[in-house]
Amino acid sequence: MALFTDNRPEPSSSRARSGWLGWLVLSVALVGTLLATLVPSPYIIEQPGPVYDTLGDVEIEGALVPLIQIPVETTYPTEGALDMLTVNVLGNPDSPLSWFEVGAAYFDRSKAIVPVEAVYPVGVTVEESTEAGAIQMETSQQEAIAAALSDLGYEFDATLTVAETSAGGPSEGVLEAGDIIRSVNGETFADVAGLRDEIAANGTTTPAEVVFEREDEELTVEITPTMSEGDDAIPIIGVVVGSAYNFPVDVKIQLENVGGPSAGMMFALGIIDKLTPGAINGGTEVAGTGTITATGDVGPIGGIQQKMYGAQAAGADFFLAPVENCDEVAENTPKGLTVYAVDDLNDALVALASIRGGLSGAGLPTCKAS
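Residues numbered from 1 in each chain as written. Predicted model: local features only at pLDDT ≥ 70, side-chain atom pairs only at ≥ 80, totals over all residues. Heavy atoms only, no water.

Participant: I'd love a proper account of the overall build of the protein, names of residues and values included.
Facilitator: Within the protein, the secondary structure is distributed over nine helices and 19 strands. Scored against the burial criterion, the 370 residues of the protein give a buried share of 42%. Contacts in the protein between residues far apart in sequence, at least 24 positions, make up 73% of those at least 6 positions apart. Just so you have it, the protein exposes about 19,400 Å², and 52% of that area is on carbon and sulfur atoms. (Helix = DSSP H or I, 4+ residues; strand = E, 2+ residues; numbered from the N terminus. Buried < 20%, exposed > 50% of the residue type's maximum accessible area, 1.4 Å probe, protein only. Contact = heavy atoms within 4.5 Å. Areas by Shrake-Rupley, 256 points an atom, 1.4 Å probe, with all protein chains shown as cover.)

Participant: Any details on the pairing of strand 2 (residues 57-60)? Residues and values, ideally.
Facilitator: Where burial is concerned, the two faces of strand 2 differ: the one with V58 and I60 is buried and the one with D57 and E59 is not. As paired elements, strand 2 and strand 3 (residues 63-66) share four bridges and run antiparallel to each other. Directly across from V58, in strand 3, lies its bridge partner V65. (Pairing = 2+ DSSP bridges.)

Participant: Let's hear about the sheet that holds strand 8 (residues 180-184): which residues, and what values?
Facilitator: Here five strands make up an open sheet; going across it, the order is 10-9-8-7-13 and the pairing antiparallel. Two strands bound the open sheet, and with one partner strand each, they are strand 10 (217-223) and strand 13 (239-245). When the angles between neighbouring strand axes are averaged without regard to direction, this sheet yields 40 degrees. Relative to strand 13, strand 7 (residues 158-165) runs antiparallel, the two being bridged by seven bridges. The residue of strand 13 that forms the bridge with L160 is S243. Relative to the sheet, helix 4 (residues 126-151) contacts strand 7 and strand 13, its axis offset from that of strand 13 by approximately 30 degrees. (Axes fitted to C-alpha atoms, helices over the stretch in contact; angles between N-to-C directions.)

Participant: With reference to specific residues and values, describe the side chain of Q47.
Facilitator: Its location among the elements puts Q47 in strand 1 (residues 43-53). In this structure Q47 touches V87, N88, L90, S110, K111 and Q306, once residues within four positions along its chain are discounted.

Participant: Got a sec to walk through the environment of D347? Specific residues and values, please.
Facilitator: Mapped onto the elements of the fold, D347 is located in helix 9 (residues 345-356). The class of D347 is partly exposed, set by a relative accessible area of 27%. For the pair D347 and G296, spaced 51 residues apart in sequence, the C-alpha separation works out to 9.8 Å. A polar side-chain atom of D347 sits 2.9 Å from the main-chain amide nitrogen of D343. (Polar contact = N/O pair within 3.5 Å; in protein donor to acceptor, adjacent residues only side chain to side chain.)

Participant: Tell me about the packing of helix 4 against helix 6 (residues 264-274), residues and numbers included.
Facilitator: At a minimum axis distance of 8 Å, the contact between helix 4 and helix 6 shows a crossing angle of 40 degrees. With respect to each other, helix 4 and helix 6 are oriented oblique. For the pair helix 4 and helix 6, the crossing hand works out as right-handed. On helix 6, the residues that touch M137, S140, Q141, A144, I145, A148 and D151 of helix 4 are G264, F267, A268, I271 and I272. Residue composition of the contact of helix 4 with helix 6, by class: eight nonpolar, three polar and one charged. (Parallel < 35°, antiparallel > 145°, perpendicular 65-115°, else oblique. Left-handed = near helix turned anticlockwise from the far one by under 90°. Nonpolar A, V, L, I, M, F, W, Y, C, P; charged D, E, K, R; others polar.)

Participant: Lay out the side chain of E213 in plain terms, naming residues and giving numbers.
Facilitator: Mapped onto the fold, E213 is located in strand 9 (residues 208-214). One polar contact links E213 to R182, side chain to side chain, over a distance of 2.6 Å. With near-sequence residues (within four places) excluded, E213 lies in contact with G178, D179, I180, R182 and E218.

Participant: Quick one: what's the story with the confidence of the model for the protein, residue by residue and with numbers?
Facilitator: On average, residues of the protein score 87 in pLDDT, and 87% of them reach the 70 mark or higher. Mean pLDDT values over the elements of the protein span from 59, in helix 1 (residues 12-38), up to 98, in helix 6. Under a pLDDT of 50 for its full length, residues 1-6 has, in the predicted model, zero contacts with residues more than four places off or in other chains. (pLDDT = per-residue confidence, 0-100.)

Participant: Could you give an account of the nonpolar core, with specific residues and numbers?
Facilitator: Judged by nonpolar contacts, the single largest core of 48 residues is most densely connected at L255, F267, L269, I271 and L320. Counting residues per element, the ones that place at least two in this core are strand 2, strand 5 (81-90), helix 4, helix 6, strand 18 (318-322), strand 19 (338-342) and helix 9. With residues near it in sequence (within four places) discarded, L255 still touches Y52, V58, I60, L67, M84, M137 and F267. Counting residues in each nonpolar core, the second largest holds 16 residues, with L160, V162, I199 and I237 among its members. (Core = buried A, V, L, I, M, F, W, Y, C linked by side-chain atoms within 4.5 Å.)

Participant: Quick rundown of the sheet that holds strand 15 (residues 285-288)? Include the residues and the values.
Facilitator: Spatial ordering of the open sheet is given by 6-1-5-15-18-19, a layout of six strands whose pairing is mixed. This sheet does not close on itself; its edge strands, each paired only once, are strand 6 (112-115) and strand 19. The sheet shows a mean angle of 35 degrees between the axes of neighbouring strands, taken without regard to direction. Sheet topology note: the strand 18/strand 19 ladder contains five bridges and is parallel. Bridging across to strand 19, F319 finds its partner in V339. Of the strands in this sheet, strand 5, strand 15, strand 18 and strand 19 are in contact with helix 9, which crosses strand 18 at around 165 degrees.

Participant: Explain a negative patch on the surface to me, and be specific about the residues and the numbers.
Facilitator: Negative charge collects at one region of the surface, where D94, E127, E128 and E131 lie side by side. If you trace the backbone, D94 turns up in the loop between strand 5 and helix 2 (99-105). According to the relative accessible area criterion, D94 is exposed, its value standing at 58%. (Patch = residues over 30% accessible without salt bridge, like charges linked within 9 Å, V, L, I, M, F, W, Y side chains within 5 Å. Salt bridge = Lys/Arg side-chain N within 4 Å of Asp/Glu carboxyl O. Lys, Arg positive; Asp, Glu negative; His and termini not counted. Charge placed at Lys NZ, Arg CZ, Asp CG, Glu CD.)

Participant: How would you summarise helix 6 if you had to cite specific residues and measurements?
Facilitator: Across the eleven residues of helix 6, eleven count as buried, placing the element largely inside the fold. Where helix 6 is concerned, the buried positions are G264, M265, M266, F267, A268, L269, G270, I271, I272, D273 and K274.

What follows is the structure in structure tokens.
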């Protein structure tokens, strides 16, 4: 028996069918790519933002002015830099990112992809979020001045004033902008952080007794806290409170279009450096981030991975980070950047003293994952 190979040409109908399927697959791929470019995603991207030297100048209305200006008190020359970091947010509920943009950011370690609601909670507009950030920045500046002047031995008085109430929150219709908070549950406070801690400790099952002053009249009300939104939810009474201090020294912090409270520690260090003989950073470039209270406590912040990459790009070798951010820091530290754990203003000053002494932070706690 003979075996033969069939070398007859493929029927034209088969070739046509194969070509048609190929074009179909290509078309589907092109449409999928187009949809990935156009279809909005439920995510935003956080990336390193501008870096500002608290010892340097910034541009305000076209003119260069000192970021920290102390016009009357004696100030001293500074060296090097004490950099504060920012985070740029790409996308928002009104202008969502495409899946293509989100996918491209996935491969960049300096960027983070987070749900939109993590930055813009449901029910909060972009304008409201921006306004809240501006209030937080203003409050952080006042807290930083208070912390710095307290560290330098100055004495002054403080009042806590309601800036606004949250729509639908426990304080709506009870407290008003301009009300001065005198006490909560019989406790008085030197800063906003102390007030926040007392409300959190009160819980949500019993009302908190709030004593406040309005138009020279002292009033007492009971407000039951509710839980805030987000991953780190705590009991709140739905108010934005600002600190008003009667400082003995005129300190101006001048910075536009930057919101949030995370520059507080670096503002405080910049003020201390300007009011202290010698460069507290030893003339090196040191970056850092962290909220601060009037009593000098340093608190955690968001976007620390992006801020570390921003610090590295700016040329910093040393970075001061809140101790509560250490787990995230240890997992994402850029190569060549040494990060020190800071719990309060004194820790930051000790770190700078060590760096200034050429010890490269010897003996100080570095951020390590727990």
